[in-house]
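Overview (structure and organization)
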Amino acid sequence: MKSVAFVLLVLGGLVSLEAQLLVRPTNLKASFMMGADVSTLDQVERSGGTFQDARGKAGDALAILKAAGINWIRLRLWVNPVDASGQPVGGGNNDLASYLRTAARAKKLGLRVEADFHYSDFWADPSKQPIPAAWAGLSTADLHKQMYRYTFDCLKAMKARGVLPDMVQIGNEINNGMMWPAGKLYASGDENVGGMEGLIALLKEGIRATRDTSKNIRIMLHAAEGGSNAAFRNLFDPLTAAKLDYDVIGLSFYPYWHGKMSDLESNMNDLASRYKKDLVVAESAYAYTLEDGDGFPNAFGPGTDKLGGYRATVQGQASEIADLIGIVAGISDGKGIGVFYWEPAWIPAAGAGWKTGEGNNWDNQALFDAHGKALPSLDVFRLVRQKVEFPDLLVSSVEGVSLKIATGTVLQLPKQVNAVFNDDSYRVVQVKWEEVDPVQLESVGRITVRGSVFGYPAGAVAVIELVANANLLGDAGFQAGIQVSGGTGQIGLGNTDDVELMKED
């Protein structure tokens, strides 16, 4: 019998084998970065949130993360996260003081730290890069000086407290620039923006301040849309031409937003070859449930799992992480050096929402449940390092096809159907349908067609509704958009007009 990495849950002193967690092992260097962005942790705890390990024993969240295999943490910094009336904005209220508190705890545990400078007072991402309120009226020259001074002063304060970061990120998801409009790449209408020249000038100041603090700090430049090679080339081609002094390219990759795992793999291999830089997936996450922990709508909702390629379960969450680690570790020339899971400890706690006065839209993507108890999937960071043989994946269920066609139409059933495997991944499988007598297609009504799927005795089912309207569906080749891609076998749901994927009874 093949061995497999799994988690055993201890219940009342007895070991339960019911909660086996399949984790695909990967041959990793000891230095491979198993990171966690815990930027909201300080605010969650200040709001009353507590944590327990998988056995329910109360403990420090960072210690629990370390025991599970985490060796790096990532902490964002906002310049002055308060609103116009001086009240905290929420989202973790990640100022320098917050960084110092959490980084000190991490360093004491022997964890390495990445400081993620947003250069904003609140969230910065490709859709918004707000300049800090206190810097908005500065001239270009003074803004550059302030960029340097702020970065240098923060690092100086960190050094004085013994929590100098091991890596610094200059800007967050800067696909469209930073500190708009001074470093904005693309103008809206008659807007006056700094363009690529403005962005490069700002990045140089942050880089210079970091190098002036310590030559040992690695510098990351970070962009979103990790599955898009065009997005990264649009940014990093000119940054490379400008000969910026940095060490690591960071990518955000959420499979339900940024494409298939194979897209990420292809992009990272190209970046490794093109720019000769180390690569880190600086952000990724996945849901373990579709349940909401605090009554505030979650970013990952019903149907998102079909885009992401894994079920929203503890097993699906673990499989996404393990597959991601495997892809990054396998990037050419050893350039894939690590991953960071985004906000695994952001559990529901009143006062620790994404914005002051609102709730947490990320709680179902944490690696702790809504009560702060570690999920079995948290152990994936440790289990992927175990030298075990991964078993053959098995089909757990097959999704049938529901199709509406006009009477007399030539029936064209898909050659592939969606299936769920025992690692809770969605993949496609080949199906061979039984022959259908053309006479059955001449009358209004409903027929059922069965198909055989290798390794799954129950097979597939297609329910065909025949109607009199001759123009409902001229070409049932819509399923051509379903395809296997990459080592993870993620599916891409193509043109699903007039098609409803349904779970077999």
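Below, the structure is looked at part by part. (Residues numbered from 1 in each chain as written. Predicted model: local features only at pLDDT ≥ 70, side-chain atom pairs only at ≥ 80, totals over all residues. Heavy atoms only, no water.)

Some thoughts on the environment of F454
- Along the chain, F454 turns up in the loop between β17 (445–453) and β18 (456–467).
- On the basis of relative accessibility, which here comes to 82%, the residue F454 falls in the exposed class.
- Considering only alpha carbons, one finds F454 and K432, 22 residues apart in sequence, at a separation of 9.2 Å. (Helix = DSSP H or I, 4+ residues; strand = E, 2+ residues; numbered from the N terminus. Buried < 20%, exposed > 50% of the residue type's maximum accessible area, 1.4 Å probe, protein only.)

Regarding the pairing of β18
- Most of β18 sits out of view: nine of its 12 residues are buried.
- Alignment of strand β13 (residues 395–406) against β18, held across six bridges, turns out to be parallel. In the strand pairing of β18, L403 is matched with I464.
- Bridge count for β17 against β18 is eight bridges, and the pairing is antiparallel. Following the sheet pairing, G445 is matched in β18 by L466.
- Between β17 and β18, which pair antiparallel and follow one another directly, the connecting turn spans two residues, one of which, G455, has a positive phi of 85°. (Pairing = 2+ DSSP bridges.)

Considerations on the nonpolar core
- Within the largest apolar cluster, 107 residues are counted, with the highest numbers of intra-cluster contacts made by Y99, F117, M158, F236 and F381.
- Counting residues per element, this core draws most heavily on helix α9 (residues 314–329), which supplies seven residues.
- What M158 contacts, discounting residues up to four positions off in sequence, is L77, L96, Y99, L100, F117, V163, L164 and P165.
- By size, the runner-up hydrophobic cluster in this structure holds 22 residues, among which are V417, V429, V431 and I447. (Core = buried A, V, L, I, M, F, W, Y, C linked by side-chain atoms within 4.5 Å. Contact = heavy atoms within 4.5 Å.)

Description of the sheet that holds strand β5 (residues 112–117)
- Reading around the circumference, β3-β4-β5-β6-β9-β10-β11-β12 is the order of the eight strands in this closed barrel, with parallel pairing throughout. Each strand of the sheet is rotated relative to its neighbour by a mean of 25°, with strand direction disregarded.
- Examined bridge by bridge, strand β3 (residues 33–37) and strand β12 (residues 336–342) share five bridges and lie parallel to one another. Pairing of D37 across the sheet is with W342, part of β12.
- Along the sheet, helix α4 (residues 140–160) contacts β4 (72–77), β5 and β6 (167–170); its crossing angle with β5, the most-contacted strand, is approximately 155°. (Axes fitted to C-alpha atoms, helices over the stretch in contact; angles between N-to-C directions.)

Section: helix α3 (residues 96–108)
- The terminal C-alpha atoms of α3, which comprises 13 residues, lie 18 Å apart, in line with the 18 Å expected from a rise of 1.5 Å per residue.
- Buried residues along α3 sit in contact with α1 (41–46), α2 (61–67), β4, β5 and α4.
- Where α3 terminates, the next one or two residues include G110, which has phi positive at roughly 85°. (Expected span 1.5 Å × (residues − 1).)

With respect to the packing of helix α6 (residues 229–241) against helix α7 (residues 261–275)
- Contact pair α6 / α7: the axes reach a minimum separation of 11 Å and the direction vectors enclose 15°. Overall, the two elements α6 and α7 adopt an arrangement that is roughly parallel. When the axes of α6 and α7 are compared, the crossing they make is right-handed. Across from N229, F232, R233, F236, D237 and T240 in α6, the residues of α7 making contact are N267, D270, L271, R274 and Y275.
- For the contact of α6 with α7, the residue count by class is four nonpolar, three polar and four charged. (Parallel < 35°, antiparallel > 145°, perpendicular 65-115°, else oblique. Left-handed = near helix turned anticlockwise from the far one by under 90°. Nonpolar A, V, L, I, M, F, W, Y, C, P; charged D, E, K, R; others polar.)

Describing α4
- The terminal C-alpha atoms of α4, which comprises 21 residues, lie 30 Å apart, in line with the 30 Å expected from a rise of 1.5 Å per residue.
- Residues of α4 that are buried: L143, H144, Q146, M147, Y148, Y150, T151, C154, L155 and M158.
- In this fold, the buried residues of α4 make contact with β4, α3, β5, β6, β7 (177–178) and α5 (195–213).

Regarding the environment of F236
- By the element assignment, F236 lies in helix α6.
- What F236 contacts, discounting residues up to four positions off in sequence, is L221, A223, Y246, I249 and Y275.

Observations concerning the pairing of strand β14 (residues 416–421)
- Taken across its six residues, β14 has five buried, putting it largely inside the fold.
- Inspection of the sheet shows β13 paired to β14 by three bridges, in the antiparallel sense. Following the sheet pairing, S397 is matched in β14 by V420.
- Note that β14 and strand β15 (residues 426–430) share five bridges and pair antiparallel. Bridge pairing in β15 places V417 opposite V429.

Quick word on the pattern of salt bridges
- If you walk through the whole model with that rule in mind, you get 26 salt bridges.
- For R74, the salt bridge is made with D116, and the minimal N-O distance between the two is 3.1 Å. Here the residue R74 occupies a position in strand β4, and D116 occupies one in strand β5, the gap between them amounting to 42 residues. Each member of the pair, R74 as well as D116, is classed as buried.
- Here D424 and R311 are joined by a salt bridge, their closest N and O atoms 3.4 Å apart. Of the two residues, D424 is situated in the loop between β14 and β15 and R311 in the loop between α8 (304–308) and α9; the sequence distance between them amounts to 113 residues.
- Relative accessible area serves as the criterion here: at 10%, D424 is assigned to the buried category.
- When its relative accessible area of 30% is taken as the criterion, R311 is described as partly exposed.
- Here the residues in one salt-bridge network are D37, R74, E114, D116 and E283, joined through shared partners. (Salt bridge = Lys/Arg side-chain N within 4 Å of Asp/Glu carboxyl O.)

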